[in-house]
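Fold and contact review
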Amino acid sequence: MSRVPRFLWLPAALAWLLVAVPIVGLVVRVDLSNFFSLVTSEAALSALWLSLKTGLATMVLCLLFGGPLAVVLARSQLPGLPFIRSVVLLPLVLPPVVGGLTLLFLLGRTGPIGGPLYDNFGITIPFSTTAVVLAQTFVAMPFLVVSLEGSLRTAGERYEAVAATLGASPLTTLRRVTIPVVLPGLVSGSVLAFARALGEFGATITFAGSLQGTTRTLPLLIYLQSQDDIDGAVAMSLVLVVIAIVVILVTRTRDVR
Amino acid sequence: MSIQRSPRTARRSAVLFAALAALLGLALAACGGSGSGSAPSTSAQAAPKTLTVSAAASLTNVYQSLGQQFQAANPGVTVKFNFGGSDQLAQQVVQGAPVDVLATASSKTMQTAVAAGKIQGEPIVYATNQPQIAVAPNNPKQIAQFADLNKPGVSTVVCAPAVPCGAAATAAEQATQVTLHPVSEEQDVRSVLTKVETGNADAGVVYVTDVKSANGKVAGVSFPQATAQGVIQSYPIGVVNGSQNAQLAQSWVSLVTGPQGKAALQQAGFTTK
């Protein structure tokens, strides 16, 4: 503890307060007498269920596709690797609304992919739960990729090299050596992607629209309610904050150990 | 990858501290800069005055062009607009925001300010707006009336009932006795228009003025019940009590309700009184 330079304490405290004080403000503002009825309304429960469902689907997609991408980024010697990596990181810096617009123009009924889908098969992707999952995957993927690639690089290739010299095939090495070694990173990356999906707003409302039970996730409901029922919005916000804190606690404590 | 660090930590932290201090200074300077930069340099003879007008977002284009006419007619006066949702604007006035004129998009929202004693006299209703169905140009799905929004194969987008354009859609549903099954309830009228413009929805319930502002990217289909009581939307305007520029505020109201205002409003699709 004594190794922290003293002059860092003040800015560190201010940084922490900047995040913590608004949360306290939210908790203070909650209408406790009606809290239970507000968060168990039909609209609230359907949004919560949709958020959890799409969040889990997003996490699975991130694992299935982002996992392999992280391995490629960390282990392969592809020529344009820095470029590929910066594209993966793009959703981290882009406003989610931009992500939603790009998805809408690509997969919408007049887009280069969405157009043929609609004309030939009558499939409309916007306004569907699929669209919610796609929008969430777009913004959440980098969280898993970055976290997993970091773990892969920190672990190094020594064990894999040893396994290879002992005659293990690349697949066996991946299954028996690489994945067990980076498991903590894999778990925290997945949970972070899940948490990001849970909070996703801009890309979802732009690409998927907002309809109860189909595309109206918790953040969309909160924003909608903030227009006319601020107590409901505050109560739902608190639910989201609690879920987020639980998720972060679970992953970060794993990380530190 | 990990590289052992050489023991230069003390010097490094000094550099770090200096950099942090410089960053903080820069951030503060940037904030201060934007504050002082927004003050307009008026070179007119008269003492520079600023008229602050809070107006519903749907009035943005009309008011901005009227604002230029007003500034040309009143040298030394700057008109500053605060566009937003009528609910928020009325709330701000009730909370004592330093605003000279309040122009909302519904009588109900204006009434909140009137009830709080914040409006001088009676607000004037000078224009109306009504819902219209926005469809793709040439109306490929052949939507002719409100009930056609429920035709099979037609995907309709509306505003959520909680926001004003959604309330208008709900009122239209009641007036036509048609219950819509929208594919999405959007947050604002602009998003509804975008969904129709991009071809992702076949129809959307918006206002006449929105169809007009889309400049041919969508076509409008009128329905007779749009002018029914409770569906049609009135635009009231009032001078805020305690305004520092009450006289200027009054002449703004005269401009909006006068011939110049009417011309601009009609051009945007509003019906004027």
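Residues numbered from 1 in each chain as written. Chains lettered and ligands numbered in written order. Predicted model: local features only at pLDDT ≥ 70, side-chain atom pairs only at ≥ 80, totals over all residues. Heavy atoms only, no water.

**Observations concerning the overall build of chain A**
The test is simple: Here a helix means four or more residues in a row that DSSP labels H or I, a strand means two or more in a row labelled E, and each is numbered from the N terminus. Partly exposed describes any residue whose relative accessible area lies between the buried limit of under 20% and the exposed limit of over 50%, with all areas from a 1.4 Å probe on protein chains only and scaled to the type maximum. Contact criterion: two residues are considered in contact whenever any of their non-hydrogen atoms come within 4.5 Å of each other. Using a 1.4 Å probe, the Shrake-Rupley method yields the accessible areas, and only the shown protein chains count as cover for residues. Neither His nor the chain termini are counted; the positive set is Lys and Arg, and the negative set is Asp and Glu. Think of each charge as sitting on NZ of Lys, CZ of Arg, CG of Asp or CD of Glu.
Within chain A one finds 12 helices and zero strands. On the principal axes, the C-alpha backbone points of chain A span a range of 65 × 65 × 30 Å. Within chain A, the fraction of its 257 residues that count as buried is 41%. Within chain A, contacts between residues at least 6 apart in sequence are counted, and of these 73% link residues at least 24 apart. Carbon together with sulfur atoms contributes 73% to the accessible area of chain A, which is approximately 14000 Å² in total. Side chains of chain A carry 16 positive and 11 negative charges; the gap between the two charge centres is 14 Å.

**A short note on the interface of chain B and chain A**
Heads up, the rule is: As used here, buried area is the combined drop in accessible area, with a 1.4 Å probe, of two parts when they are placed together. Each reported salt bridge corresponds to a side-chain nitrogen of Lys or Arg within 4 Å of a carboxyl oxygen of Asp or Glu.
The interface of chain B with chain A comprises 21 residues on the first partner and 20 residues on the second. Across the interface of chain B and chain A, roughly 1900 Å² is buried in total on both sides, 58% from carbon and sulfur atoms. Here chain B is connected to chain A by two salt bridges. Between D202 of chain B and R109 of chain A there is a salt bridge, and its shortest N-O distance comes to 2.5 Å.

**Some thoughts on the confidence of the model for chain B**
All names here are of chain B. As a reminder, the rule being used: Scored between 0 and 100, pLDDT is the confidence that the predictor attaches to each residue.
Averaged over every residue, the pLDDT of chain B is 85; residues scoring 70 or more account for 83%. Looking over chain B, one finds the lowest element-wise mean pLDDT in helix α1 (residues 9–37), namely 56, and the highest in strand β3 (residues 101–103), namely 97. Ignoring residues within four places in sequence, the model shows residues 32–45, a span with pLDDT below 50, making five contacts including any to other chains. Predicted complex metrics record ipTM = 0.75 and pTM = 0.76.

**Quick notes on the domain arrangement of chain B**
To keep it simple, the criterion reads: Domain extents, as shown, originate in an automatic or database domain assignment.
By the assigned domains, chain B splits into domain 1 (49–128 + 234–272) and domain 2 (131–227). Computed over C-alpha atoms only, the centres of domain 1 of chain B and domain 2 of chain B are separated by 28 Å.

**Some remarks on the layout of surface pockets**
Residues and elements named next belong to chain B. Filter applied, for reference: Computed over the protein atoms alone on a 1 Å grid, cavities are sets of points where a 1.4 Å probe fits but cannot get out and pockets are open sets with protein on both sides within 12 Å along at least five of seven lines; a residue lines them when it has an atom within 4 Å of a point. Grid points are joined across faces, edges and corners, and a volume is the space filled by probe spheres set on the points. Ten residue types, Ala, Val, Leu, Ile, Met, Phe, Trp, Tyr, Cys and Pro, are classed as nonpolar, four, Asp, Glu, Lys and Arg, as charged, and the remainder, Gly among them, as polar.
Taken as a whole, the largest pocket encloses approximately 1300 Å³ of empty space. Counting residues per element, the lining of the largest pocket draws most heavily on helix α6 (residues 189–197), at six residues. Of the residues assigned to the lining of the largest pocket, the class counts are 20 nonpolar, 18 polar and seven charged. For the lining of the largest pocket, the two domains that each supply at least three residues are domain 1 (49–128 + 234–272) and domain 2 (131–227). The space that makes up the second largest pocket amounts to roughly 390 Å³. Broken down by secondary-structure element, the contributors of at least two residues to the lining of the second largest pocket are α3 (86–94), α4 (107–115), α5 (164–176) and β10 (233–239). Broken down by element, the lining of the second largest pocket gets its largest block of residues, four residues, from α5.

**Focus: the sheet that holds strand β11 (residues 271–272) of chain B**
Residues and elements named next belong to chain B. The criterion, for reference: Pairing between two strands is assigned when DSSP locates at least 2 bridges connecting them. Between N-to-C directions, angles span 0 to 180 degrees; the directions come from axes that are lines fitted to C-alpha atoms, helices contributing only their stretch in contact.
An order of β2-β1-β3-β10-β4-β11 is seen for the six strands of this open sheet, with the pairing classed as mixed. On the outer flanks of this sheet lie β2 (77–84) and β11, each paired with one strand and no other. Across five bridges, strand β4 (residues 124–129) lies against β10 in antiparallel orientation. Paired with I124 across the bridge in β10 is I237. On top of the sheet, helix α2 (residues 60–73) reaches β1 (49–56), β2, β3, β4 and β10; it is set at about 170° to β2, its chief contact.

**A few points about the state of the cysteines**
All names here are of chain B. Test applied: Any two cysteine sulfur atoms within 2.5 Å of one another count as a disulfide.
Tallied over the entire structure, the rule returns one disulfide over all chains. Note that C159 is cross-linked by a disulfide to C165, the S-S spacing being 1.9 Å. Taking the torsion about the S-S bond as the criterion, the C159 to C165 disulfide, at about -90°, is left-handed. The residues C159 and C165 share a single accessibility class, namely buried.

**Considerations on the UniProt feature "transmembrane region" (unreviewed entry) in chain A**
For the record, the criterion: UniProt positions are given in the numbering used here, feature names are shortened, and annotations may be inferred rather than shown by experiment.
Per the UniProt record, "transmembrane region" (unreviewed entry) is found at residues 7–28, 48–74, 86–107, 127–148, 177–198 and 233–251 of chain A. Taken end to end, residues 7–28 of chain A has its terminal C-alpha atoms 32 Å apart, with 91% of it in helix and 0% in strand.

**Some thoughts on helix α3 (residues 42–75) of chain A**
We apply this condition: Between the first and last residue of a helix there are one fewer steps than residues, each counted as 1.5 Å, and that sum is the expected span. The reported bend at a residue is simply the angle between two axes, fitted to the 7 residues ending at it and to the 7 residues beginning with it.
Across its 34 residues, α3 of chain A extends 48 Å between first and last C-alpha, which sits within 8% of the 50 Å expected from 1.5 Å per residue. Most pronounced at G66 of chain A, the bend in α3 of chain A amounts to some 35°, and the proline P68 of chain A follows within four residues.

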